[in-house]
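Residue strings, one per chain:
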Amino acid sequence: MGAVFPPLARELDISEMTVGVIAGLAPLLFMLAAPVWGHVADRFGPKPVLVAGMIGHTIGAVLFAFSAYAGLSFWLSGYLIIGILSAGRVLSGALGAGIFPAAVSTAAAAVPGDRRAAAIASISAAWGIGTMLGPAIATASSSIGLYAPHLILTGVSLAAATLAFLINPPAGASKRAKPGRVLPPTDGRIRPFLLITGASYAIIVEVNVVFGFSIQDALQLDAVAAAEVTGVMFTI
């Protein structure tokens, strides 16, 4: 998002502050929804949580690509585009919040105890690889249109959702936990961790957005060139 959204916003006359608010919706929903999805994964197993999370990312990518194409084609403008972009970020954050805890739960159940830390670390490594591939996709496809990277992301997310649905997790990962209550975000036992995670996510997202605007302004680039150059820098 950091590579494409700032130059797209300039093309659609969306202010920097509005871009920051829209981008920040996902971290906020991530922080609020993660405990709920953890409870769902404990109760019903990680598979439905993984599927729901990837579907959320898919819908978010579709809405972003649609709003970008519609805005650049002058089909839509103003608050309607802002609303669609915001809805995509809300869905992506609210549903995608369960992906990481469900993936960790699956990995922890799939390997013996002495290999559990390595399995969980591999998920973090895969997450890092994804943060590099995303900007690389933006660099490679922005020349088609600023909507193109999210069309590709739509296909990737849909493929991941399909795999999550078709592949059964290890037996231990599907074990249902005894029903319990969902800890609210204000619970003192989890509040510090939620605040730290949410703040870290928000800082990363907002820095990416600011960086995208700064690169375009400093180098005086058009929208496509700004997305390509920023994508290269984020990949590195």
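Fair warning: this is a prediction, and the values are worked out from it, not measured in the lab.

Procedures and definitions
Residues numbered from 1 in each chain as written. Predicted model: local features only at pLDDT ≥ 70, side-chain atom pairs only at ≥ 80, totals over all residues. Heavy atoms only, no water. Axes fitted to C-alpha atoms, helices over the stretch in contact; angles between N-to-C directions. Helix = DSSP H or I, 4+ residues; strand = E, 2+ residues; numbered from the N terminus. Parallel < 35°, antiparallel > 145°, perpendicular 65-115°, else oblique. Left-handed = near helix turned anticlockwise from the far one by under 90°. Contact = heavy atoms within 4.5 Å. Nonpolar A, V, L, I, M, F, W, Y, C, P; charged D, E, K, R; others polar. Patch = residues over 30% accessible without salt bridge, like charges linked within 9 Å, V, L, I, M, F, W, Y side chains within 5 Å. Areas by Shrake-Rupley, 256 points an atom, 1.4 Å probe, with all protein chains shown as cover. Salt bridge = Lys/Arg side-chain N within 4 Å of Asp/Glu carboxyl O. Buried < 20%, exposed > 50% of the residue type's maximum accessible area, 1.4 Å probe, protein only. Phe/Tyr/Trp six-rings, centres within 6.5 Å; stacked < 30°, edge-to-face > 60°. Lys NZ or Arg CZ within 6 Å of the ring centre and 35° of its normal. Core = buried A, V, L, I, M, F, W, Y, C linked by side-chain atoms within 4.5 Å.

J.: Give a description of the packing of helix α3 (residues 46-72) against helix α4 (residues 79-96) that names residues and reports values.
T.: Where α3 contacts α4, the two axes come as close as 7 Å, and the packing angle between them is 165°. By the criterion of interaxial angle, the relationship of α3 to α4 is roughly antiparallel. For the element pair α3 and α4, the recorded crossing hand is left-handed. Contacts from A52, G53, G56, H57, I59, G60, L63, F64, F66, S67 and G71 in α3 reach I81, I84, L85, A87, G88, L91, S92, L95 and G96 in α4. Grouping the constituent residues of the contact of α3 with α4 by class yields eleven nonpolar, nine polar and no charged.

J.: Run through a nonpolar patch on the surface, naming residues and quoting values.
T.: Where nonpolar side chains cluster on the molecular surface, the patch consists of L163, F165, L166 and I167 and spans about 450 Å² of accessible area. Relative to the assigned elements, L166 resides in helix α7 (residues 148-166).

J.: Any chance you could break down the pattern of salt bridges for me, citing the residues and the numbers?
T.: Applying the stated criterion to the full structure yields two salt bridges. Between R10 and E16 there is a salt bridge whose closest N-O contact spans 2.9 Å. Overall, the relative accessible area of 43% leaves E16 in the partly exposed class. Among the salt bridges present, the one from D217 reaches R10, with a minimum N-O distance of 2.7 Å. You can see D217 sitting in helix α8 (residues 191-219) and its partner R10 sitting in helix α1 (residues 5-11), a full 207 residues away along the chain. R10 gets classed as partly exposed once you look at its relative accessible area, which sits at 27%.

J.: If you had to explain the side chain of T230 to someone new, which residues and values would you point to?
T.: Take T230: it is sitting in helix α9 (residues 223-235). T230 has contacts with G2, A3, F211, G212 and I215, leaving out every residue within four places of it along the chain.

J.: Would you mind going over the packing of aromatic side chains in detail, with residue names and values included?
T.: When we look at a pair of aromatic rings, we describe it by the centre distance and by the angle of the planes. All chains considered together, the criterion is met by five aromatic pairs. Taking 5.0 Å as the distance between ring centres and 90° as the angle between the ring planes, the aromatic pair formed by Y69 and Y147 counts as edge-to-face. Remark: Y147 occurs in the loop between α6 (116-141) and α7 and Y69 occurs in helix α3; sequence separation between them is 78 residues. Judged by its relative accessible area of 35%, Y69 is partly exposed. Centre to centre, the rings of F211 and F234 are 5.4 Å apart; their planes meet at 40°, and the pair counts as tilted. With F211 in helix α8 and F234 in helix α9, the pair connects residues that are 23 residues apart, well separated along the chain. Overall, F211 belongs to the partly exposed group, its relative accessible area being 30%. In this structure an aromatic cluster arises from ring pairing among Y69, W75 and Y147. The lysine or arginine in question, K47, covers the ring of F165, its NZ or CZ lying 5.5 Å from the ring centre.

J.: Before we move on, could you go through the packing of helix α2 (residues 16-44) against α4 and cite the residues and values that matter?
T.: Between α2 and α4, whose axes approach to 6 Å, the crossing angle comes to 25°. One finds that α2 runs roughly parallel with respect to α4. The two elements α2 and α4 meet at a crossing, and its hand is right-handed. Contact with α2, carried on its side by T18, I22, A23, L25, A26, P27, L29, F30, A33 and W37, involves I82, L85, S86, R89, V90, G93, A94, L95 and G96 of α4 and no other residues of that element. Here the contact of α2 with α4 is composed, by residue class, of 14 nonpolar, four polar and one charged.

J.: Give me the lowdown on the nonpolar core, citing residues and values where you can.
T.: Judged by nonpolar contacts, the single largest core of 25 residues is most densely connected at I14, V19 and L85. When residues of this core are traced back to their parent elements, those giving at least two are α1, α2, α3, α4, α8 and α9. I99, V111, A119 and I123 belong to the second largest nonpolar core, which has 21 residues in total.

J.: Can you lay out unusual backbone geometry for me, pointing to particular residues and giving the numbers?
T.: Phi is positive for D13, which is not a glycine, with a value near 60°. Although it is not a glycine, F74 adopts a positive phi angle of roughly 65°. With respect to the helices and strands, the residue F74 is situated in the loop between α3 and α4.

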